Amino acid sequence: MTSLDTTMRSSADPAKVKFYRITVEGPRLIRSAWTEGRRPRETVTECASEQEAELKFEELRWKKLREGFACVADAAQAARGTVVLDVKVPNRCSAQAFDLSPDGRTIAVGTMLKDAYGAEIHLIDVATGHRRLIHAEPVGKRQTFVHAVHFDAVGERIVYALNEETRLFDPASGQTRILAQYREFQDADFNPFRARPSWDAARRRLLLFDTGDRVRILDALDAFDALDAFDQDWNEVFATSTERPSMRCWAGALSPSGKLMALCFTKGSRYKEDDPEVTEVEIWDIDRRNVLRRIPMDRKPHAIGFDPADTLLVANPESAEGPCAYSLETGELVWHFPHPYRTDRWATCYGWAYSPDGGTLAVGRRRDTDIVDAATRHSDPAFRCGPGDLGTGRTYTVRISADGTLVASGGDTGRIIVRKL
């Protein structure tokens, strides 16, 4: 007999918490609703079959998520693979621009209002699902796309990318400072949907895309130690031009150590015989200010990065495939994820992230996040979605907490799901 059970709590008002429990016992669907401190009101529905009850269970859970409820569980007591937070982010957004704080207690998510006119940044408490609006971008004549949201090293300030600007925001004071800005096709050739700011693992060095087709790396340590980071000049440790003959800087990333940088350059199209696509990634030594290696790729990547040991260039090629890894020493393809059924393509991949110790690789698939052993690339079945669960849809963003105990995933269903690692 099928048995399903979930208890949800409202995320809007922490002073007046509402609960909603959904239970399936065979063909029976049981719903209970109550306010904290009061007795539950119960409704029982007899379904035609167990399968119908399961379907209604998922439909009802999704309905309550859209209404602002969240599924929460105690992470300290949770077993591996257990969902400790399942929440639908507010507004019209795909939950791509979000970050998990280093201590794993808070999620910062950038959302967009109707038709991307106006934007908001919310904080979500992982333990309770309570969400709080901390910044609102006014509606103007131009659309406002939030491309990236990142916590700083201590989880107090937020770096976010809005259109072609990268900003530092302090929720405590409400202050905002522009760290880099450009205008696409006017004073730079960057695509803000691809060229996004990124930290190293310690969140000390920050990679930025700036006016004049410049890539800059700032050292945030001195700024965050200062009494007021907004009045201090950050230490620029590296800057270079990305202008290349007939090629466009497509993406970039810092290595976890902060010592290496990858810049991807591309030209042409895979669909044009007279102008074929060419993609190359430059691996830079930041302190020595020189290119260590140029790695050609068969296809443009959706995103690039490194493994925690700074030995591999990792990417998920466009058409949502991969991920794959190239040796930084030889430039050769080392491994990839083949498609489980088709031989003409690789496995589906929208995003990925390593655990800090490098032992685990989390891969955003369709509906769920694949948790694999980084050495063997074998999947852990404890992280698969259940039947009928839409999960996170196209899972574009995956984050792992600094202590390696939580993995957060978000995609185009608008849900963010946090699981115990």
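Going by the structure above, here's the rest.
Computed from a predicted structure; not experimentally measured.

*Asks:* Outline the side chain of Asp99, listing residues and values.
*Replies:* Here Asp99 lies in strand β7 (residues 98–100). A residue is classified by how much of its surface remains accessible, and Asp99, at 2% relative accessible area, is buried. Of the polar contacts made by the side chain of Asp99, one reaches the backbone nitrogen of Phe151; its length is 2.8 Å. Side chain to side chain, Asp99 and Arg399 meet in a polar contact 3.3 Å long. Dropping the residues within four chain positions of it, Asp99 is found in contact with Thr106, Ile107, Ala108, Val149, His150, Phe151, Arg203 and Arg399.

*Asks:* I'd love a proper account of the pattern of salt bridges, names of residues and values included.
*Replies:* The full count for this structure, using the stated rule, is 33 salt bridges. Note that Lys63 is salt-bridged to Glu67, the shortest N-O span being 2.6 Å. The exposure class of Glu67 is partly exposed, given its relative accessible area of 44%. Its salt-bridge partner being Arg399, residue Asp99 comes within 3.3 Å of it at the nearest N-O pair. Of the two residues, Asp99 sits in strand β7 while Arg399 sits in strand β30 (residues 397–400), which places them 300 residues apart along the sequence. A single salt-bridge network, built from bridges that share partners, covers Glu137, Arg142, Glu164, Glu165, Arg167 and Arg183.

The rules behind these values
Every chain is numbered independently, its residues counted from 1 as its sequence is written. In keeping with the predicted nature of the model, local features appear solely for residues at pLDDT of at least 70, side-chain atom pairs appear and are counted solely at 80 or more, and the whole-chain, interface and lining totals rest on all residues. Excluding hydrogens and water, the side-chain figures rest on all heavy atoms present in the structure. Put simply, DSSP H or I for four residues or longer makes a helix, DSSP E for two residues or longer makes a strand, and each gets a number counted from the N terminus. Think of it in three bands: with a 1.4 Å probe and only protein chains considered, a residue is buried below 20% of the maximum accessible area for its type, exposed above 50%, and partly exposed in between. Throughout this description, a polar contact denotes any pair of N or O atoms lying within 3.5 Å of each other; where both atoms belong to protein, one of them has to be capable of donating a hydrogen while the other can accept it, and for residues adjacent in sequence the pair is counted only when both atoms sit in side chains. Only heavy atoms enter the contact rule, under which two residues are in contact if any of them lie within 4.5 Å. Here, a salt bridge means any side-chain nitrogen of Lys or Arg that lies within 4 Å of a carboxyl oxygen of Asp or Glu.

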